[in-house]
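The residues making up each chain are set out below.
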Amino acid sequence: MSSHQQPYYVPKSSKLPFAMAVTMLTLIIGASTTLKPELGPFGENSYLVLLTGFLMMWTTMFFWFSQVIKENNEGLNNLMLNNSYYYGMAWFIFSEVMFFFAFFFALAYIRNFAVPWLGGEGEKGISNILWPGFEAHWPLMVTPDQAAFPGPEEEMSFGTAYGHGGLAGVLGWIPLYNTICLLSSSVTVHIAHLGLKNGNRLQFNLFLAITLILGYSFVVLQAIEYSEAYTQMGLTLKSGAYGTTFFMLTGFHGFHVCLGAIILTIMLIRGLRGHFSHDDQFGFEAGSWYWHFVDVVWICLVAFVYVM
Amino acid sequence: MKLASTLTRKFHYIFLCIFSGQVFSEASKYNMPHGVTEVSESIFELHMLIMWVCVGIGVVVFGIMFWSLWKYRKSSGAVAAKFDDHFGLEISWTILVAVILVLIAIPSTIVLIQTYDDTEGDINIMVTGYQWKWQYKYLEDDISFFSNLATSQEEIDNQLAKGEYYLREVDEPLVIPINKRIRFLITGNDVIHSWWVPDFAVKQDAVPGFINTAWTNVPEPGIYRGACTELCGLGHAFMPIVVRAVEQEEYDSWVAEKIAFAEQERLLNYKVWTREELVQRGEGVYAKNCIACHQTNGQGLPPVFPALDGSNIVMNDKTRNIEILMEGVRGAAMQSFANQLSEVDIASVITYTRRSWGNNKNGDGEIVEPKEIVDYKNRVEL
Amino acid sequence: MSTIVETHEDHGHHGPAKGLTRWLFTTNHKDIGTLYLWFSFLMLFIGGAMAMVVRAELFEPGLQIIQPEFFNQMTTNHGLIMVFGVIMPAFVGLANWMIPMQIGAPDMALPRLNNLSFWLLPMAFTILLSTLFMEPGGPNFGWTFYAPLSTTYAPDTVTFFIFSIHIMGASSILGSINIITTILNMRAPGLTLMKMPLFCWSWLITAYLLIAVMPVLAGTVTMMLMDIHFGTSFFNAAGGGDPILFQHIFWFFGHPEVYIMILPAFGIVSHVISTFSRKPIFGYSSMVYALTSIAILSFVVWAHHMFTVGMPLAGELFFMYSTMLIAIPTGVKVFNWVATMFKGSISFETPMLFAIAFVALFTIGGFSGLMLTIVPADFQYHDTYFVVAHFHYVLVPGSLFGIFAGVYYWIPKWTGNMYDETLGKLHFWLSFISVNLTFFPMHFVGLAGMPRRYPDYALQFADFNAMASVGAFIFGFSQLLLLFIVIKSIRTGKKASSEVWEDAKGRGLEWTLESPPPYHSFTIQPEVK
Ligand code: HEA
Ligand code: HEA
Ligand code: CUA
Ligand SMILES: [Cu+2]
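Residues numbered from 1 in each chain as written. Chains lettered and ligands numbered in written order. Predicted model: local features only at pLDDT ≥ 70, side-chain atom pairs only at ≥ 80, totals over all residues. Heavy atoms only, no water.

Asker: What is the right way to read the overall build of chain C from this model?
Answerer: When you go through chain C residue by residue, the secondary structure sums to 16 helices and one strand. For chain C, the residues scored as buried account for 77% of the 529 residues in total. Long-range pairs, those at least 24 residues apart, make up 82% of the contacts in chain C between residues at least 6 apart in sequence. Summed over its atoms, the accessible surface of chain C is roughly 13,300 Å², and 71% of this surface lies on carbon and sulfur atoms. Distance between charge centroids for chain C: 15 Å, based on 22 positive and 27 negative side chains. (Helix = DSSP H or I, 4+ residues; strand = E, 2+ residues; numbered from the N terminus. Buried < 20%, exposed > 50% of the residue type's maximum accessible area, 1.4 Å probe, protein only. Contact = heavy atoms within 4.5 Å. Areas by Shrake-Rupley, 256 points an atom, 1.4 Å probe, with all protein chains shown as cover. Lys, Arg positive; Asp, Glu negative; His and termini not counted. Charge placed at Lys NZ, Arg CZ, Asp CG, Glu CD.)

Asker: Where do I start with the interface of chain A and chain C in this structure?
Answerer: It is common to give the size of an interface as the accessible area that goes away when the parts come together. Across the boundary between the two partners, chain A contributes 75 residues, which contact 81 residues of chain C. The contact between chain A and chain C buries some 6,600 Å² in all, and 75% of this surface belongs to carbon and sulfur atoms. Broken down residue by residue, the surface that chain A buries against chain C is led by A:Val10, A:Phe18 and A:Leu39, which jointly contribute 10%. The tally of links between chain A and chain C comes to two salt bridges. In this structure, the connection of chain A to chain C is made through 11 residue pairs in polar contact (both at pLDDT 80 or more). Contributing elements (two or more residues each) for the side of chain A that touches chain C: β1 (8-9), α1 (16-35), α2 (46-73), α3 (79-118) and α7 (240-272) of chain A. (Buried area = accessible area lost by both parts, 1.4 Å probe. Salt bridge = Lys/Arg side-chain N within 4 Å of Asp/Glu carboxyl O. Polar contact = N/O pair within 3.5 Å; in protein donor to acceptor, adjacent residues only side chain to side chain.)

Asker: It is not clear to me how the pattern of salt bridges should be interpreted in this structure. Could you clarify?
Answerer: Summed over all chains, the structure comprises 20 salt bridges over all chains. Residue B:Glu172 pairs with B:Lys258 through a salt bridge whose shortest N-O separation is 2.3 Å. With B:Glu172 in the loop between α4 (153-156) and β4 (174-177) and B:Lys258 in helix α5 (residues 248-268), this pair connects stretches of sequence that are 86 residues apart. With respect to burial, B:Glu172 and B:Lys258 carry one shared label: buried. B:Glu372 is paired through a salt bridge with B:Lys318; the nearest N and O atoms lie 3.1 Å apart. Residue B:Glu372 is found in helix α12 (residues 370-381), and its partner B:Lys318 is found in helix α9 (residues 318-327); the two are separated by 54 residues along the sequence. A single salt-bridge network, built from bridges that share partners, covers A:Lys36, A:Glu38 and C:Asp156.

Asker: Teacher, can you tell me more about the packing of aromatic side chains here?
Answerer: Both the distance between ring centres and the angle between the ring planes are used here to describe each pair of aromatic rings. All names here are of chain C. Counting across every chain of the model gives 103 aromatic pairs over all chains. Judged by centre distance (4.9 Å) and plane angle (75°), the rings of Phe145 and Phe161 are edge-to-face. With a gap of 16 residues between them, Phe145 in the loop between α4 (111-130) and α5 (158-185) and Phe161 in helix α5 connect regions that are remote in the sequence. For Phe161, a relative accessible area of 0% corresponds to the buried category. Aromatic side chains Phe145 and Phe246 sit 5.6 Å apart centroid to centroid with 70° between the ring planes, which places their arrangement in the edge-to-face category. (Phe/Tyr/Trp six-rings, centres within 6.5 Å; stacked < 30°, edge-to-face > 60°.)

Asker: Would you mind going over the site of ligand 1 with me for this structure?
Answerer: Around ligand 1, 35 residues are found, and the nearest of them are C:Trp143, C:Tyr259, C:Asp378, C:His382 and C:His390. Taking C:Thr373, its main chain carries an N or O atom lying 3.4 Å from an oxygen atom of ligand 1. Between ligand 1 and the protein, one listed contact pairs an oxygen atom with a side-chain N or O atom of C:Asp378 at 2.6 Å. Elements represented by at least two residues in the shell around ligand 1 include exactly α3 (87-115) of chain B together with α7 (243-260), α11 (327-341), α12 (350-372) and α14 (385-415) of chain C. Considering each element in turn, the shell around ligand 1 owes the most residues, seven residues, to α12(C). Taken together, the residues of the shell around ligand 1 break down into 20 nonpolar, 13 polar and two charged. (Near = heavy atom within 4 Å. Nonpolar A, V, L, I, M, F, W, Y, C, P; charged D, E, K, R; others polar.)

Asker: Explain the coordination of the iron atom of ligand 1 here, please?
Answerer: If you check the protein contacts of the iron atom of ligand 1, you find one donor only, C:His390 (NE2), at 2.2 Å. Here the iron atom of ligand 1 and the copper ion (ligand 4) are spaced 4.5 Å apart. (Donors = N, O, S within 2.8 Å, 3.2 Å for Na, K, Ca; no water.)

Asker: I keep staring at a nonpolar patch on the surface and nothing clicks. Help me out?
Answerer: Residues and elements named next belong to chain A. Side chains of Tyr47, Leu48, Leu51, Phe54, Trp58, Tyr216, Ile262 and Ile266 sit close together on the surface and give an oily, nonpolar patch of about 750 Å² of accessible area. At the level of elements, α2 and α7 are the ones that each hand at least two residues to the nonpolar patch. Counting residues per element, the nonpolar patch draws most heavily on α2, which supplies five residues. Among the secondary structure elements, Ile262 is positioned in helix α7. (Patch = residues over 30% accessible without salt bridge, like charges linked within 9 Å, V, L, I, M, F, W, Y side chains within 5 Å.)

Asker: Whenever I open this one, the coordination of the copper ion (ligand 4) confuses me. Can you help?
Answerer: Reference values for angles at a metal are 109.5 degrees in the four-donor tetrahedral case and 90 or 180 degrees in the six-donor octahedral case. Residues and elements named next belong to chain C. Coordination of the copper ion (ligand 4) by the protein comes from His255 (ND1), His304 (NE2) and His305 (NE2), over a distance range of 1.8 to 2.1 Å. Between the donor residues of the copper ion (ligand 4), the gaps in sequence give the motif H-x48-H-H. Taking the relative accessible area as the measure of exposure, His255 reaches 3% and is therefore buried. By relative accessible area, His305 is classed as partly exposed at 21%.

Asker: How should the domain arrangement of chain A be read in this particular structure?
Answerer: All names here are of chain A. Considered domain by domain, chain A is made up of domain 1 (1-77) and domain 2 (80-307). Taking only C-alpha atoms, the centre of domain 1 and the centre of domain 2 are 27 Å apart. Opposite the 10 residues of domain 1 that make contact, domain 2 presents nine residues. Both faces combined, the contact of domain 1 with domain 2 buries some 850 Å², and carbon together with sulfur accounts for 62% of it. Among the residues domain 1 hides against domain 2, the three largest losses belong to Tyr8, Ile69 and Asn77. Together they make up 51% of the total. The interface formed by domain 1 and domain 2 holds zero salt bridges in total. The tally of links between domain 1 and domain 2 comes to zero residue pairs in polar contact (both at pLDDT 80 or more). For the side of domain 1 that touches domain 2, the secondary-structure elements that each account for two or more residues are β1 and α2. Sorting elements by how many residues they give to the side of domain 1 that touches domain 2 places α2 first, with five residues. Class assignment for the residues of the side of domain 1 that touches domain 2 results in five nonpolar, five polar and no charged. (Domains from an automatic or database assignment.)

Asker: Got a minute to help me understand the site of ligand 2 in this structure?
Answerer: All names here are of chain C. Surveying the vicinity of ligand 2 reveals 32 residues, the closest of which are Arg55, His78, Trp143, His392 and Arg453. Contacts to ligand 2 include Trp143, whose backbone N or O atom sits 2.7 Å from an oxygen atom. Arg453 has a polar backbone atom sitting 2.7 Å from an oxygen atom of ligand 2. Residue assignment for the shell around ligand 2 shows that the elements contributing at least two residues are α2 (29-57), α3 (68-103), α14, α15 (421-448) and α16 (462-491). Its residues placed into classes, the shell around ligand 2 shows 21 nonpolar, eight polar and three charged.

Asker: How should the nonpolar core be read in this particular structure?
Answerer: Proteins that are soluble and globular tend to have nonpolar side chains buried together. In terms of nonpolar packing, the biggest core is built from 386 residues, with B:Tyr138, B:Trp195 and C:Phe84 touching the most fellow members. Ignoring anything within four residues of it in the chain, the contact list for C:Phe84 reads C:Pro89, C:Phe125, C:Trp143, C:Met168, C:Met214, C:Leu217, C:Phe253 and C:Glu257. Formed by 20 residues, the second largest nonpolar core is a distinct cluster that contains B:Leu325, B:Ala338, B:Tyr352 and B:Val368. (Core = buried A, V, L, I, M, F, W, Y, C linked by side-chain atoms within 4.5 Å.)

Asker: How do you make sense of the packing of helix α6 (residues 198-229) of chain C against helix α8 (residues 263-277) of chain C when you look at a structure like this?
Answerer: Helix-helix packing: each pair is described by the crossing angle between the helix axes and the interaxial distance. Residues and elements named next belong to chain C. Interhelical geometry of α6 versus α8 gives an angle of 175° and a closest axis separation of 8 Å. As far as their axial angle goes, α8 and α6 are roughly antiparallel. Every residue of α8 that contacts α6 at Leu198, Phe199, Ser202, Trp203, Ile205, Thr206 and Leu209 is listed here: Leu263, Pro264, Gly267, Ile268, Ser270 and His271. Across the contact of α6 with α8, the residue classes tally to eight nonpolar, five polar and no charged. (Axes fitted to C-alpha atoms, helices over the stretch in contact; angles between N-to-C directions. Parallel < 35°, antiparallel > 145°, perpendicular 65-115°, else oblique.)

Asker: What exactly am I supposed to notice about the interface of chain C and chain B here?
Answerer: Chain C puts 102 residues into the contact, and the matching count from chain B is 98 residues. For the pair chain C and chain B, the number of links is one salt bridge. With its nearest N and O atoms 3.2 Å apart, the salt bridge here joins C:Glu502 to B:Lys74. For the pair chain C and chain B, the interface holds 26 residue pairs in polar contact (both at pLDDT 80 or more). If one sorts the elements of the side of chain C that touches chain B by residue count, α11(C) sits on top with nine residues.

Asker: In this structure, what is going on with the environment of A:Ser127? I would like to understand it.
Answerer: Mapped onto the fold, A:Ser127 is located in the loop between α3 and α4 (158-171). Note on A:Ser127: relative accessible area 0%, which makes it buried.

Asker: Explain the pairing of β4(B) here, please?
Answerer: A regular strand carries its side chains on alternate faces of the sheet. All names here are of chain B. Side chains Leu174 and Ile176 project from β4 onto one buried face, and the interleaved Val175 and Pro177 project onto a second face that is buried too. Sheet topology note: the β4/strand β10 (residues 241-246) ladder contains four bridges and is parallel. Counted as the bridge partner of Pro177 is Val246 from β10. (Pairing = 2+ DSSP bridges.)

Below, the structure is given as structure tokens:
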């Protein structure tokens, strides 16, 4: 019962959470009025509110995390509290999984039900009367109403890459490199973890740095992919259900990769400053869990968005 | 005082109903209607079955509960027993509930399959929900018309006494023959509506972009009333459904009349109309199609529905005015009327709005001839 | 043995900070619980006042006091506020107060996060309510906000609505993470899961549900946002999407949500019935299994809200059967409560009265739920007042009475003063009679064919609507009495002992603490045998 030997640390009252709540208020006012300037008092300058919100967010988070780290360094955290952090992180990641679930569900539904029905197949195929001439294909290149949602000229799937150029086509296919980056970074972050556990600081710092390079390369590659889609392929958010699901899924994933990379960057800085020890490494572990999670989502993306 | 007397009257009536057992009698207007079709009758029976099962279980469970509350009340000196489980009992009531559920599930499944028969109908009617009216298109006969609420705004606003069919009457009911299989192809034009006629036990959502089907076969002539049951905006309560089921002969002559009338309307396009004729006709069209949003006095309901009285477009911009009527405004409730109204009607309603209220005085007051609408259509189609 | 320190600089026993900052910056589970409860109370009055407007308009046929557009805003905001602003925060407030005390912990596991979870709520509701005062009006598309009424055809303020839902979701997710962590990590030594009080169990399960479905709701509103502002076509057939997709995702959240609003009440009622029957709860382990099965089943029944959207036959059958199954574990719970009363020694203090009413009236609501799940019959019931009657029976004399029972049961513990029993009973009887007067007639108007969300209706529905309106006004005013009772108990009243209720000591750790309990509940974790 080692966890009960030390007292559970209950922080005294703190301004940070309230500041964070006010931050969120600022953020949503900023976001809504940026999208609908006529509804707010700030008119065209509403985006400044949004920016202020982001600034407040980063500041609050900075102070909050510094506070937690400081408390830890002062030895206030007992094992039980550390456990609380682990539980907290695990369930937070679970909630993220469910967020992605909603979007995968949307993709599955649109592909397997909505589009076929609109194209005249299946139980509600009669709907096709409303969309004469529309045929169901996935990826959806021609939308039911081409005037409102002009379909893309090209798409991103593995099948097409292979179909166009065989092996060569696949080698020129950006998602392949994305996959390599992310999968190997999952391995390197694990090696870094082992280094930390065995007290090998060099191994830790080095492999964490490699992980980050791989992670940022992923982000860059994805940016290239997006710009090709927008400029050369006519594939945009507005190009019907394929563009919609493609960008929303890969977009939210990309956003999470960025978050994960930022977390790990902070961990690298902390690592270089000598934080963490072989039995006290919650911050890093949380970051690496997050990284693995992002990796798993990517694998699902490759399967459902690119290959199948 | 008025309140008090209304209340007394109402309660008097309600208690009469309850104590005469009327509420629970199957014919009561406080229970689900039997309806007139085979399906509605089996659904009614299903409903009564589950209701009685629930009442039965309720009587037993609440009976035991209230009896225990009485028998073991502390004030009578009851001393608490110590037991806190009983395996046999727990297993048996779990199984008992499961068995009851299976018994309910069987008839439910049978009735459901009965309603899901999706073969072609003798007559196929496309039902389209609009904000806030219904369109009926007879797929075989090239008949198409709109069905609007016929209750006057004054009745709704309590300025006139309410008629017997308050909010349940339309200007033009759907007409169907009896003893024919009628299949409905239900869809929505803007938001989701839901087409419900209780007497047929047909309720299907009208989803924009998709078609749902439902069918009925009505054995008795009569007038059947229904309603829109999916929240569709502010006119949700004001788009009732009326179906007139008639003998085959009557139906046939109705169809013939409808077709002849449509032909006549088409010919009107080629006539040159005077201003007075247009305004006169336009007034009727406006009352039927526009007042839900723009109101009788042309003031609209700002900010959502703009006033037409004093609108710059209506006063001075004829081209844009025609375009709005023909194309609608994307993303707003203002829909395209190109397929809803005939060319004559569109021309006359525009003319009417341009010459009514203050618009005649303040604007250019120009009129629009049906031919201009025909030309617009031809131009756009090219 | 574990003790607790506040911070190194101020050790030991000291009360809360003074003044407003106590409430803004607190990390104390009791303070936060109090905040949640008062917030929920305030929202009950706001959401209730909206229901009063609705009922006043529906008192007679014809448009009397408000126009349809505003009527829609009232029903929508009434639903949203009652669900997200009243029932859920009240349960979280009770969880904050009671869970640490019931499991023998000093506080919640993550106190600062706890404060954040609370303060997000007032922010979200400020935004939501402020839209009512903006030019195009607030949300008017029903609390279920079906697309495309809530996307293409929505008032511009929908953007504010979307973001406020995001914030409410964040609040719930953070709150649930905290609760799960507290329960799993902070139990007193010896307090195994299967010895844990049922209220903690019900909240553990509820918190799982919340973490699983709140993100899905966030996903739903995000898709709406994208459709509205960025030209995607999730819910638009023209681009290959489907408005029905919205409903699937919404109800994947929505159905578990309704159990989120009832499970903690199950927990509370179990404690109350057991205490006032002076008997241990009957079938403790089957209670736990029932809670778990309800939660698991709740993920596969969502489309029973969509029987009329035109689902394929196989889908209708699947969702009908799976929904029916829920009657089994729920029945087990009802039978267990009755069996707990059986051969007890029952007294009828206010919490017990509310608990008994809960069992009876929730079950009636459950019965109508079961009727709704019979697909062919639902073709007739769907979107009529029969559904409104169903869910008010499970939500008002269900969830809300459950909360009332909990408040009366624990308020002597919180304040150290007994509440006024006579007034409590008066509050109960007024509420009990008027709630039935309000919602029972809705079954009849529903069956007779009155659709829901109607600002005006045909003449044959007039009588029962008038009756429901009168009931609603009585019910509404009766809640002012509750406010009075609560304030009175905070200020004066007979001092409560630490046990409060006869023989309560053996019924949970909370009854071993004095009333009111010390600021940090258990500075020394008790050992449970
Ligand atoms: C606290 C909230 C709560 C709870 C607990 C429930 C519980 C149940 N609900 Fe309800 N429901 C809502 C809140 C809730 N509901 C809301 C808010 C809506 C409307 C949403 C909207 O559209 O706005 C709704 C709508 C709703 C519908 C959709 C109706 C429609 O729109 O057409 C359906 C259909 O199946 C349904 C079914 C059920 C069932 C089967 C249960 C079951 O869990 C009930 C189980 C309980 C019992 C059955 C009683 C006890 C059991 C016994 C004594 C055993 C023996 C019994 C038998 C064998 C009968 N509910
Ligand atoms: C979660 C719980 C919950 C609770 C507790 C309630 C409580 C009440 N609800 Fe409602 N209700 C919903 C959830 C809830 N509701 C939902 C989800 C909907 C669907 C919305 C939709 O369609 O989108 C709905 C819809 C709904 C409708 C249908 C609207 C329609 O379809 O057109 C009606 C109509 O009567 C109604 C009435 C009431 C009444 C009279 C109360 C009463 O119990 C309220 C009593 C409380 C008070 C009155 C507050 C306290 C007292 C005062 C402030 C004192 C003074 C005030 C006055 C007397 C003026 N509710
Ligand atoms: Cu159309 Cu409701
Ligand atoms: Cu449900």
